[in-house]
Every structure is written in C-alpha cells, then in structure tokens.
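Overview (structure and organization)
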Amino acid sequence: MTGGRKRFEPGQPLITIITSTYNAAGHLPDAIKSIREQTYGNIEWIVVDGASRDGTLDILRQNEDVIDYWMSEPDKGIYDAWNKGIRHATGEWILFLGADDYLWTQDVLQKMAAMLDSAYPAYRVVYGKVALVNQAGEGIYFPGEAWERVRNRFRSVMCLPHTALFHHRDLFRVHGEFDTSFRISGDYEFLLRELKDREAMFVDIVIAGMSLGGISSNPATSERMLFEMRRATRENGRIFPGIPWLLAAVRHMLRRVLWRLLGERGARHLLDMGRRLMGKPAHWTRT
C-alpha cells in the first residue's frame, strides 16, 4: 500500500528507512514519532509487516502520511522482510530501524545527511552509535567504535551496531540481498561480503535508541548467534574462527555456567561486577 509522505528536497541525499513489523502495536508508536519529528525532509519510510494480528495494521493506516509504502503479508523472518523492503526502496542510503527502536534525536538525520553525501564512493557503509536503553527509557550503554579499532575484530564477530548503520544502495546491487537462511546474523553475513576487503566510515553520533531487553541474556539466542557468525565467516573465506570469536564463545559458556549456579539474578549481578572492574558501565542489572 502506498502512503503519503513524499516530501523530498533537491540536492540532499534521500534516506530510506526500512522497518519490519509483526504484532508491534506496543512499540511502533515510538518509532513513528521519531520519524515524524525529524527536521530532515528527504526521508522515505517503508514498513514491511508480517501479517500482524494485533493493532499494528490500524496504527500503520492511521500514520500513512508519514509512510511512503507499506505492505502486510506472511514472511520467512526479518531478512525476508528486509529484502522485500529493499525492492521498494529508492533512497541512496538505507537504514534498518526496528519496530521497537527509534531515532535518537529530531535532527540526527539532518546531521548525517552531509556526511553521507560526501562518504560515497569511498565508503558504502557508514555507521554511528546506538543507545541501548532499559525499560525506563534510559540510555545506559552506547556501542559504536571507530572502524580502525574494530576492523580486525569484525572479521570474526559482529561488532558494528546495525541499527545505527547506513547502507549505500550500491551494496545491494553488488552483493545482492540478505541470505534468508540466517535467522539472527544475516546482517553480519551481508556486511562481511563488503567489509572483508573494504573500509567502513564511523561517525561519532548516536543514531538510534534500542531496547536492551533480551539482547544477550537468552543463552539459546546467544549460542545460535555464535554459530551463525562462525558460519558467516566460513562462507566469506575465513577458515579459522579468530580470537574474538573464541573469546565470545568462552564468555557465552561462562554466562551459561553462572546462570546455572547462581540463577539469573545472581549471574546478572556478578557479570556487572566484572564489567565495573574493567571500567565498563553496568547493564546486566539494568535491563
């Protein structure tokens, strides 16, 4: 279905935001508000819904003035939904914003526009920081580091904040679409195709807020992510896992042991004690 935003400004890069939704009525209003209030005009917003059964479709209909295109039909997961969105995208740069995420400030895309315009063709991936927020909406941790610091680590594990990452449309012309056989790490596998032998550009700006709930606390999810990241590196030519992946596997096993011995509450407190000792902010007890 076609929406009604269409407020483009000549001479400025068009930024496409793609959001996949499924029964997201409880979170979607925050994402809508953050897009509606942007001071930057060259935004195209595409929403791909997976046949929601709650009030999501009603919310989309009520906000068609800020949506350029939306559709609702069953899909095969988030990467299938994103691929559908890409096929309708016309922007020079594409940002994937979750239904429960939101743009951090009203002028964040205004700040990014000039940087994106000058980044290409030297860079086809530009990223900033993401604010991980707790249930009270507090930003407690802000992942995102300069490419020079994470380049080698990225070749083993996903360490770029994808919610804060802009993809030039040429990426999809050169590398195709997301591999839908991945359930969790399809974004990492896709970026590896580009960044295993090219550079990315870091901008020290918080792009979006993202809920902390459940990101790393579910051992089963964490384990599947590890295996998918390893599969992604193998498929992109890395024979051995790399030290960052091995360290991530050790941390995962340690968390599983702590969960089993101390219970979730005790494990979270102990993990945050370790983070404080390393000079890092606590987040396990603040989700």
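Residues numbered from 1 in each chain as written. Predicted model: local features only at pLDDT ≥ 70, side-chain atom pairs only at ≥ 80, totals over all residues. Heavy atoms only, no water.

When you go through the protein chain residue by residue, the secondary structure sums to nine helices and nine strands. In terms of overall dimensions, the protein chain is globule-like: its C-alpha atoms have a radius of gyration of 19 Å, near the 19 Å expected for 287 residues. Overall, the protein chain is about 55 × 40 × 35 Å in size when its C-alpha atoms are taken along their principal axes. Evaluated residue by residue, the protein chain yields a buried proportion of 50% over its 287 residues. Expressed as a percentage of contacts within the protein chain between residues at least 6 apart in sequence, the contacts between residues at least 24 apart total 77%. Accessible area of the protein chain: about 13,500 Å², with a carbon and sulfur share of 53%. Distance between charge centres in the protein chain, computed from 38 positive and 35 negative side chains, equals 7 Å. (Helix = DSSP H or I, 4+ residues; strand = E, 2+ residues; numbered from the N terminus. Rg over C-alpha atoms; globule rule 2.2 N^0.38 Å. Buried < 20%, exposed > 50% of the residue type's maximum accessible area, 1.4 Å probe, protein only. Contact = heavy atoms within 4.5 Å. Areas by Shrake-Rupley, 256 points an atom, 1.4 Å probe, with all protein chains shown as cover. Lys, Arg positive; Asp, Glu negative; His and termini not counted. Charge placed at Lys NZ, Arg CZ, Asp CG, Glu CD.)

Our next topic: the nonpolar core. Looking at soluble globular proteins, one finds that nonpolar side chains tend to be buried together. If you look at the biggest cluster of nonpolar residues, it comprises 40 residues, and the most contacted ones within it are I17, L109, F166 and I207. Contributions of two or more residues to this core are made by strand 1 (15-21), helix 1 (28-36), strand 2 (43-49), helix 2 (56-62), strand 4 (93-96), helix 4 (108-119), strand 6 (125-133) and strand 9 (201-211). When residues in this core are grouped by element, the largest group, six residues, is from helix 4. With sequence-adjacent residues up to four places away left out, F166 is seen in contact with I15, W93, I94, L95, L109, M112, L116, R124, V125, V126 and I207. Core analysis: the next-biggest nonpolar cluster, separate from the first, contains 36 residues, I18, Y188, F190 and L192 among them. (Core = buried A, V, L, I, M, F, W, Y, C linked by side-chain atoms within 4.5 Å.)

Taken as a whole and assessed by the stated rule, the structure comprises 17 salt bridges. The closest approach of N and O atoms between R173 and D170, which form a salt bridge, is 3.3 Å. You can see R173 and its partner D170 sitting in helix 6 (residues 170-175), three residues apart, about one turn around the helix. What makes D170 buried here is its relative accessible area of 13%. (Salt bridge = Lys/Arg side-chain N within 4 Å of Asp/Glu carboxyl O.)

Let us now look at the environment of T233. Mapped onto the elements, T233 comes out in helix 8 (residues 219-235). For the pair T233 and S156, spaced 77 residues apart in sequence, the C-alpha to C-alpha distance is 6.5 Å. Once you skip the residues sitting within four places of it in the chain, T233 turns out to touch R155, S156, Y188, L192 and R238. Polar side-chain contacts of T233 include one of 2.6 Å to the side chain of R230. (Polar contact = N/O pair within 3.5 Å; in protein donor to acceptor, adjacent residues only side chain to side chain.)

Taken across its seven residues, strand 1 has seven buried, putting it largely inside the fold. Of the two faces of strand 1, the one carrying I15, I17, T19 and T21 and the one carrying T16, I18 and S20 are both buried. Across seven bridges, strand 1 lies against strand 2 in parallel orientation. Bridge pairing in strand 2 links T16 to E44. (Pairing = 2+ DSSP bridges.)

This paragraph deals with the side chain of R124. Structurally, R124 is set in the loop between helix 4 and strand 6. Among the residues examined, R124 registers a relative accessible area of 12% and is labelled buried. At a separation of 2.9 Å, a polar atom in the side chain of R124 contacts the side chain of E194. Here R124 is in contact with W93, F166, H167, H168, D170, L171, V174, H175, E194 and R198, once residues within four sequence places are set aside.

Moving on, we get to the environment of A114. Within the element layout of this structure, A114 appears in helix 4. Note: C-alpha distance between A114 and T163 (49 residues apart in sequence) is 19 Å.

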